[in-house]
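Each chain, letter by letter, is given below.
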Amino acid sequence: MNLNALWEYANPLKFMRTTERVLPYFAVASFVCLVAGLVWGFFFTPEDYRQGSTVKIFYLHVPSAMMAINVWVMMLITSLVWIVRRHHVSALAARAAAPIGAVMTLIALLTGAIWGQPMWGTWWAWDPRLTSFLVLFLFYLGYMALWAAIENDDTAADLTSVLCLVGSVFALLSRYAVNFWNQGLHQGASLSLDKKENVADVFWYPALVCIAGFVLLFITLVIIRTNTEIRARRMRALLARERLG
Amino acid sequence: MIALLLRDLRLAVRAGGGFGLGLAFFLIVVVLVPFGVGPETGLLGRIAPGILWLGALLACLLSLDRIFALDWEDGSLDLLATSPLPMEGIVSLKALAHWLTTGVPLVLASPLFGLLLSLPAQGYAPMILSLLIGTPALSVIGTFGAALTVGLKRGGLLLSLLVLPLYVPTLIFGAEMARRGAEGLAVQVPMLMLAGISLGVIALLPLASAAVLRVNLR
């Protein structure tokens, strides 16, 4: 494939035309995957012999936790594209993705708490993985606040890109720092990602469908939000021109 | 460069507030803790390293928005930007000036505050050393935050939201080192990690701060 052809989609018009053509497919596919995965997971899998029915929150918890991290990675990539090639769609996509990522992090934290209550007997423990997710959530908040605080769009895109870059390094650093920090009083149980190899196929296949559903849902939402953002920006430009006119 | 550093230091001393304020805030935090958790010596001694680190971090945070704000308002930041000095150099000097006026006094005052919080005797040296190693990182990270928010009208609150998550690793290793020291354990590992963070941050973050400042001055 000619890689240069990819950059043509940096043109907002072309981006919108293409994405709007594929948007319905993504929307339907994510809906189908989510419904199928969740129904399969909730009603057609056996209950875990030790954890009972509470294990089923797994189908919400694992995909959202994965997305929480992957959305930040996607923001990092689009920020880099903005810094290097200065394509506006890229910066807007990063902006559009941030609230979705924050919500995914929140879902992961909440479902984790709901799952943790019966399993560990506590809503919250200062476990490394939990703590690093909370810090990730703070990074999302700061990122969104910086976008909201700056009036000039290009300045905001520049500053948030650098923040995203620096934030990624520190998020990674925090991830390992909290690991270290909690060595002394470690919680026996750890979250599901570590147990992947223990999860039986019966649980794993519906989870995979759910993960696919979450990824497709994220793509759908990002496309919608980016297009909205492009339209809003175009409208502002038109209004400004009218006022001058 | 020296002239710029001296100018910043002089301004900090003469303008009042900047220099002593951080220390006074640190003192207030330390005084308030026993009221909050009760004056038991054993309990205080156990949480003293963490409290001292938190106090130092908050005192540092308090003075961050002054790093660029005054120079931004009276236009001297634009003059500095057009001077032959590279932007990275200006940013590093600003961070150094901030550390000299905020970090160093905190390090020097920490034994006294350790006394107030009944820190165990063997904990003093690791405590001071951890602050000495860690506070430069706080200043440099804070300079990045200050450079990000310099053009904003009410940047102060946003600044804390942006900078506090970035402070997490430094705080963890700094407090860990102080805590281990107070309990008489080996401090080498957290000390090396803390030093690694400080050196890495000093080497790399001024590049980001300078880039951000250039955008803001555009």
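Since the structure is predicted, the reported quantities are computational estimates derived from the model, not experimental observations. (Residues numbered from 1 in each chain as written. Chains lettered and ligands numbered in written order. Predicted model: local features only at pLDDT ≥ 70, side-chain atom pairs only at ≥ 80, totals over all residues. Heavy atoms only, no water.)

1. As for the overall build of chain B
To be explicit about the condition: Helix numbers and strand numbers start at the N terminus; a helix is a DSSP run of H or I with at least 4 residues, a strand a run of E with at least 2. Our radius of gyration looks at C-alpha atoms and nothing else; its globule reference is 2.2 Å times the residue count to the power 0.38. Working definition: with a 1.4 Å probe on protein chains only, accessible area under 20% of the residue-type maximum means buried, over 50% means exposed, and in between means partly exposed. Every residue pair with non-hydrogen atoms within 4.5 Å of one another is taken to be in contact. Areas reported as accessible are Shrake-Rupley estimates using a 1.4 Å probe. Residue values count occlusion only from the protein chains shown. Neither His nor the chain termini are counted; the positive set is Lys and Arg, and the negative set is Asp and Glu. For the purpose of locating charges, the reference atoms are NZ of Lys, CZ of Arg, CG of Asp and CD of Glu.
From N to C terminus, chain B includes nine helices and zero strands. Traced from its N-terminal end to its C-terminal end, chain B shows the element sequence α-α-α-α-α-α-α-α-α. By the compact-globule yardstick of 17 Å for 218 residues, chain B fits well, its C-alpha radius of gyration being 18 Å. Overall size of chain B, expressed as C-alpha extent along the three principal axes, is 55 × 35 × 30 Å. Of all 218 residues assigned to chain B, the portion counted as buried reaches 54%. Contacts spanning at least 24 positions in sequence make up 80% of the contacts within chain B whose residues lie at least 6 apart. A total of about 9500 Å² of accessible surface is found on chain B, and carbon and sulfur atoms cover 73% of it. Taking the average location of the 12 positive side-chain charges in chain B and that of its 10 negative ones, the two points are 2 Å from each other.

2. Remarks on the environment of B:W53
All names here are of chain B. Relative to the elements of secondary structure, W53 occurs in helix 3 (residues 41-62). The exposure class assigned to W53 is buried, which follows from its relative accessible area of 0%. Every residue in contact with W53, bar those within four places of it in the chain, is listed here: M127, S130, L131, G134, L138, T170, L171, G174, A175, A178 and L194.

3. What about the interface of chain B and chain A?
Our working definition: The quantity reported as buried area is the accessible area (1.4 Å probe) lost by two parts once they are put together, taken as the sum for both. For salt bridges, the criterion is a side-chain nitrogen of Lys or Arg within 4 Å of an Asp or Glu carboxyl oxygen. Definition of a polar contact: a pair of N or O atoms within 3.5 Å, with one able to donate and the other able to accept a hydrogen when the atoms are protein atoms, and with sequence-neighbouring residues admitted only if both atoms are side-chain atoms. Under the convention adopted here, Pro, Cys and the residues Ala, Val, Leu, Ile, Met, Phe, Trp and Tyr are nonpolar, Asp, Glu, Lys and Arg are charged, and Gly plus all remaining residues are polar.
Contacts between the two partners involve 25 residues from chain B, matched on the other side by 27 residues from chain A. Summing both partners gives a buried area of about 2100 Å² for chain B against chain A, and 84% of it is carried by carbon and sulfur. Ranking the residues of chain B by area buried against chain A places B:P165, B:L166 and B:I172 at the top, with a combined share of 21%. Taken together, the connections running from chain B to chain A amount to zero salt bridges. At the boundary of chain B and chain A, one finds zero residue pairs in polar contact (both at pLDDT 80 or more). Elements with a minimum of two residues in the side of chain B that touches chain A: helix 7 (124-148), helix 8 (155-182) and helix 9 (188-217) of chain B. Class assignment of the residues belonging to the side of chain B that touches chain A gives a composition of 21 nonpolar, one polar and three charged.

4. Looking at the packing of helix 3 (residues 58-85) of chain A against helix 4 (residues 88-120) of chain A
Residue and element names in this part refer to chain A. What counts is decided by this rule: Helix axes are fitted to C-alpha atoms over the stretch in contact, other axes to C-alpha atoms as well, and angles between N-to-C directions run from 0 to 180 degrees. The cut-offs work like this: below 35 degrees is roughly parallel, past 145 is roughly antiparallel, 65 to 115 is roughly perpendicular, and the gaps in between are oblique. Left-handed describes a crossing whose near helix is turned anticlockwise from the far helix through less than a right angle; right-handed describes the clockwise counterpart.
Taken N-terminus to C-terminus, the directions of helix 3 and helix 4 make an angle of 155 degrees; their axes are 7 Å apart at the nearest point. Considering the angle they form, helix 3 stands roughly antiparallel to helix 4. Relative to helix 4, helix 3 is oriented so that their crossing is left-handed. In terms of residue class, the contact of helix 3 with helix 4 is built from 19 nonpolar, 10 polar and no charged.

5. Looking at the side chain of B:T102
All names here are of chain B. With respect to the element layout, T102 can be found in helix 6 (residues 87-116). Exposure remark for T102: the relative accessible area of 5% places this residue in the buried category. Those residues in contact with T102, other than ones at most four positions away along the chain, are A59, C60 and S63.

6. Some remarks on a nonpolar patch on the surface
Residues and elements named next belong to chain A. The condition is simple: Patch definition: residues above 30% relative accessible area lacking any salt bridge, with like charges linked at up to 9 Å and the nonpolar side chains Val, Leu, Ile, Met, Phe, Trp and Tyr linked at up to 5 Å.
Together, V28, F31, V32, V35, V39, W40, F42, F43, F44, Y205 and L208 line one region of the surface with nonpolar side chains, adding up to about 1100 Å² of accessible area. Secondary structure elements with two or more residues in the nonpolar patch: helix 2 (12-43) and helix 7 (201-244). Here F42 falls in the partly exposed class, since its relative accessible area comes to 30%.

7. Quick look at the confidence of the model for chain A
Low pLDDT marks stretches whose predicted atomic positions should not be read closely. Put simply, the rule is: Think of pLDDT as the predictor's per-residue confidence, scored from 0 to 100.
Mean pLDDT over chain A stands at 83; residues scoring 70 or higher make up 85%. Overall, residues 184-197 of chain A carries pLDDT values under 50, and its contacts beyond four positions in sequence, including any with other chains, amount to 25 contacts.

8. Structural notes on helix 4 of chain A
All names here are of chain A. Rules: Here the expected span of a helix is defined as 1.5 Å times the quantity of residues minus one. At any given residue, the bend is defined as the angle formed between two axes, one fitted to the seven residues that end at that position and one fitted to the seven that begin there.
Helix length check: helix 4, at 33 residues, gives a terminal C-alpha distance of 46 Å against a target of 48 Å (1.5 Å per residue), a fit within 8%. Considering bend angle alone, the principal kink of helix 4 is centred on A98 and spans about 25 degrees; proline P99 follows within four residues of it. Phi turns positive one or two residues past the end of helix 4, at G121, with a value near 75 degrees.

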